[in-house]
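Chain by chain, the residues:
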Amino acid sequence: MKNFYITTTLPYVNADPHIGFALEIIQADAIARYQRLLGREVIFNTGTDEHGLKIHRKAEEQGMSTQEYCDMYAARFDGLKTLLNLSYTHFIRTTDAHHKAAAQEFWNRCMESGDIYKKNYQVKYCVGCELEKTDSELEDGKCPLHPKNEIELIDEENYFFRFSAYQEKLLKLYDENPRFVLPTHRLEEIRNFVKGGLQDFSISRIKEKMPWGVPVPGDDDHVMYVWFDALVNYISTLGWPEGEANFQENWPGIQVAGKDNLRQQSAMWQAMLMSAGLPNSEQIFIHGFITSEGQKMSKSLGNVVSPKEIVEEFGIDAVRFYLLGALPAYDDGDFSRERFQEYYTAHLVNGVGNLTSRILTMLEKYADGKVPKQAQDIFGIQEFWVNYKSNMEKFAFDEVVKETNTLVGKCDGIISEQKPWEKVKNGEDISDLLYQLAECLAHIGGALYPIIPQSAQRILGAFGLDAQEMNIENIKSGILQGGESATKGEILFARLD
RNA sequence: CGCGGGAUAGAGCAAUUGGCAGCUCGCCGGGCCCAUAACCCGGAGGUUCUCGGUUCAAGUCCGAGUCCCGCAACCA
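Since the model is a prediction, treat every value here as computed from it, not as a measurement. (Residues numbered from 1 in each chain as written. Chains lettered and ligands numbered in written order. Predicted model: local features only at pLDDT ≥ 70, side-chain atom pairs only at ≥ 80, totals over all residues. Heavy atoms only, no water.)

Colleague: An account of the domain arrangement of chain A is requested, with residue identities and associated values reported.
Modeller: As assigned here, chain A comprises domain 1 (4–288) and domain 2 (337–475). Computed over C-alpha atoms, the centres of domain 1 and domain 2 are 42 Å apart. On inspection of domain 1 and its partner domain 2, the count reaches 0 salt bridges. Elements with a contribution of two residues or more to the side of domain 1 that touches domain 2: α1 (19–37) and β13 (283–287). The element contributing the most residues to the side of domain 1 that touches domain 2 is α1, with 6 residues. Across the side of domain 1 that touches domain 2, the residue classes tally to 8 nonpolar, 4 polar and 2 charged. (Domains from an automatic or database assignment. Salt bridge = Lys/Arg side-chain N within 4 Å of Asp/Glu carboxyl O. Helix = DSSP H or I, 4+ residues; strand = E, 2+ residues; numbered from the N terminus. Nonpolar A, V, L, I, M, F, W, Y, C, P; charged D, E, K, R; others polar.)

Colleague: Talk me through the environment of A329; I want residue IDs and the actual numbers.
Modeller: Its place among the elements puts A329 in the loop between α13 (316–326) and β15 (333–335). Residue A329 is classed as buried on the basis of its relative accessible area, which comes to 5%. Here the alpha-carbon distance between A329 and V400, two residues 71 residues apart in the chain, equals 10 Å. Not counting chain neighbours up to four residues away, the residues in contact with A329 comprise Q27, F285, I286, H287, F395, A396, F397 and D398. (Buried < 20%, exposed > 50% of the residue type's maximum accessible area, 1.4 Å probe, protein only. Contact = heavy atoms within 4.5 Å.)

Colleague: I'd like a rundown of the protein's contact with RNA strand B, residues and numbers included.
Modeller: Within the structure, RNA strand B sits among 47 residues, and K54, Y225, V226, N354 and R358 are positioned closest to it. The sugar-phosphate backbone supplies 69% of the atoms of RNA strand B found within 4 Å of the protein. In the environment of RNA strand B, a base oxygen lies 3.4 Å from a nitrogen or oxygen atom belonging to the backbone of L492. Elements that contribute at least two residues to the surface near RNA strand B include exactly α7 (184–195), α8 (226–231), α14 (337–367) and α16 (397–418). With 14 residues, α14 is the largest single contributor of residues to the surface near RNA strand B. (Near = heavy atom within 4 Å. Polar contact = N/O pair within 3.5 Å; in protein donor to acceptor, adjacent residues only side chain to side chain.)

Colleague: Can you tell me about the sheet that holds strand β2 (residues 42–48), naming the residues and giving the values?
Modeller: Pairing is parallel in the open sheet, where 6 strands are placed in the order β3-β2-β1-β12-β13-β7. The open sheet has two edge strands, β3 (90–93) and β7 (181–182), and neither has a second partner. Across the sheet, helix α3 (residues 66–78) touches β2 and β3, and the angle it forms with β3 is around 160 degrees. (Pairing = 2+ DSSP bridges. Axes fitted to C-alpha atoms, helices over the stretch in contact; angles between N-to-C directions.)

Colleague: Go over the confidence of the model for chain A, please, and point to the residues and values.
Modeller: Counting all residues, the mean pLDDT for chain A is 89, and 94% of those residues have values of 70 or more. At the level of chain-chain contacts, confidence expressed as ipTM amounts to 0.88, with global pTM at 0.93. (pLDDT = per-residue confidence, 0-100.)

Colleague: If you had to explain the environment of G218 to someone new, which residues and values would you point to?
Modeller: If you trace the backbone, G218 turns up in the loop between β10 (215–216) and β11 (219–224). It is 9.8 Å that separates the C-alpha atoms of G218 and Q104, two residues lying 114 residues apart in sequence.

Colleague: Talk me through α14; I want residue IDs and the actual numbers.
Modeller: The largest bend in α14 comes to about 35 degrees, at N354. At the exit of α14 stands D368, carrying a positive phi of roughly 55 degrees. (Bend = angle between axes of the 7 residues up to and from the residue.)

Colleague: Which residues make up the pairing of β13, and what values go with them?
Modeller: Extensive coverage of β13 is indicated by the burial of 5 of its 5 residues. Taking every second residue as pointing to the same face, both faces of β13 are buried, with Q283, F285 and H287 on one and I284 and I286 on the other. Taken together, the 5 bridges between strand β12 (residues 254–258) and β13 define a ladder with parallel strand orientation. Looking across to β13, one finds that I254 is bridged to Q283. In this view, the connection linking β12 to its parallel neighbour β13 by way of helix α11 (residues 262–275) has right-handed handedness. (Right-handed = clockwise from strand over helix to strand, strands pointing away.)

As structure tokens, then:
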């Protein structure tokens, strides 16, 4: 069986990790962990995109060599692994020697296909900024920072990629794979874009003006434009082109990206793959953006949410739980402190956390800290997993969390209804109920593992179970055998002040 | 008529093929004492953006309009 391969986009190292990227990589992590629970071997890739003019300039500003600058940022991004408790297996940097060689090989293949050619290209240049400008950076055809200066048009020769040749092929790809891009409205969006006609895009820059890039094979005067080299990371990280066997075992994979990346991932990169004679990606999942207190995040508004700060304040799992559960998986969502605290208290403290205490305490008090003998499931556990899996396959993390919360509520409801404490006083046997509750809690622990790994492991650990050894492929009631000792540990989720 | 998304309770969101407008949080009242002042039950709160149409029946379908948010290409 082919390995499961998932990758994030590579963040550009011109700023510290953004909460939006934290969302993306946590989503990918949840999927990766879920697939491991299914028993699959998982390749999970992330890394850093390190070429381009902006980075070169930024390094200059800070008085560092470009490589030093990149090293510093790459380390900072790799630090997310610990900060967010991520399980990625590959971390690629586009300045890695192997990646650069792969990008050059990719270029050669596209060249052989006849899809790369040289063309005159007019760069719009603002003398005030001494920078190239794109149309969307201009207001009324002028640089907003230097409106008095006319924009100069500078002719230069660039290499172009024959994107226009791939319109029909891309449309066919979308038609044949109705779930190629999720959510489906994003597929519609890209389909419309492609239908509207494609223009070839520039894939190189003059080295003299922009030295920080992968050299174009056979032309010392040019370096690759960052996009072209960065996209190749999805396969260079797998060892392409050398490790053909390894590559075949892993490619194609699932790519997680933000909505700003829809075109690059689901059209440009796909056309590039076709040109190089390689299989297309398996699926692209597009997530939305996070607003801050209802507004677009921006440095000037001072409302940028730092993943580091909120993790330090609330803990990893609280942050993961909010990002995956409280934000709509397919659309933009809002981060607000108030809502964050509300959500945390309602579902983690009062929900899962409190239920765990209730059940474990009852096992201690009424069953000598031992799971009673097996009894028939009363919580619809099998059906729960069916929904769980179907939601995970659709990246509907919010639904996954909602279903899990509902199961927690069911347990609370049954406890209130059955009043085990009363039955004990009356000398009735409650061991069946205690087993059912313990069993259900163990399933809740398994279900939450991809979402909040640490806390979920603590739930499972109370019964001596280990998430690493769990397999949910054919899971049904009965993962507790009866007789396990159940130990109530520390409180799972501390109440906020 | 550039493309796409959206407008439903105070907030955030749901409503298979048209079929009693629901969920979470918050608010009010009651219950319980296993639990992290947690949990359970009940209640208040809606002209589903507007106008018109189709239908026994419209949040859902059709037409017109208003308002919000992205994107509009080589910006990583």
